[in-house]
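Secondary and tertiary structure notes
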Amino acid sequence: AREVLGYDVGKLCACGPAALLDATAYCQPAVYVACAVAAERLRTERPECLERCQAVAGIGVGEYAALHAADVFDFEVGLSLVRLRAEAMQQAAAVGE
């Protein structure tokens, strides 16, 4: 994730600053990474759950996590898309202020 984002998202989530995670540009990639980690843990610890999976879904950033879990694209591609989305949303929110 560091290569795509340019910062350590795990360290940001664990150590803060929390105010930075309030920003869309940082929050959305963190949510995507957390979802990907959860899916990978499930894939490792209980692979039968994902092997039997018929569908995945999500809302917002969760849509990207669902597409990654379904192997539509790899982690890095999904994180790049989420980063661009989050930055665009952050910029759009700033224009509206």
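The notes below deal with the structure included here.

The rules behind each value
- Residues numbered from 1 in each chain as written.
- Predicted model: local features only at pLDDT ≥ 70, side-chain atom pairs only at ≥ 80, totals over all residues.
- Heavy atoms only, no water.
- Helix = DSSP H or I, 4+ residues; strand = E, 2+ residues; numbered from the N terminus.
- Buried < 20%, exposed > 50% of the residue type's maximum accessible area, 1.4 Å probe, protein only.
- Contact = heavy atoms within 4.5 Å.
- Expected span 1.5 Å × (residues − 1).
- Arc of directions from axis to C-beta.
- Polar contact = N/O pair within 3.5 Å; in protein donor to acceptor, adjacent residues only side chain to side chain.
- Core = buried A, V, L, I, M, F, W, Y, C linked by side-chain atoms within 4.5 Å.

Observations regarding the overall build of the protein
Of the regular secondary structure elements, the protein holds seven helices and zero strands. The helix and strand sequence of the protein, counted from the amino end, reads α-α-α-α-α-α-α. For the protein, the C-alpha atoms occupy an extent of roughly 45 × 25 × 20 Å along the three principal directions. Split into buried and exposed, the 97 residues of the protein put 26% on the buried side. Once local pairs closer than 6 in sequence are excluded, the contacts in the protein between residues at least 24 apart make up 60%.

A few points about helix α7 (residues 75-95)
Its 21 residues place the ends of α7 30 Å apart at the C-alpha level, agreeing with the 30 Å of an ideal helix rising 1.5 Å per residue. Every buried residue belonging to α7 is among Phe75, Gly78, Leu79, Val82 and Ala86, and all of these are buried. Looking straight down α7, one finds its buried side chains confined to an arc of 95°; they lie on one side. Away from its buried face by more than 90 degrees, α7 exposes Gln91 and Val95. Elements in contact with the buried residues of α7: α1 (2-5), α4 (24-45) and α6 (61-69). Of the residues that open α7, the one with a side-chain oxygen 3.3 Å from the backbone nitrogen of glutamate 76 is aspartate 74.

Remarks on the nonpolar core
Counting 15 residues, the largest nonpolar core has Leu5, Tyr7, Val9, Tyr32, Val33, Phe75 and Leu79 as the members making the most contacts within it. Within the residue set of this core, elements represented by two or more residues are α1, α2 (9-15), α4, α6 and α7. Broken down by element, the residue count for this core peaks at four residues, all from α4. Those residues in contact with leucine 5 that lie beyond four places of it in its chain are Pro29, Leu79 and Arg83.

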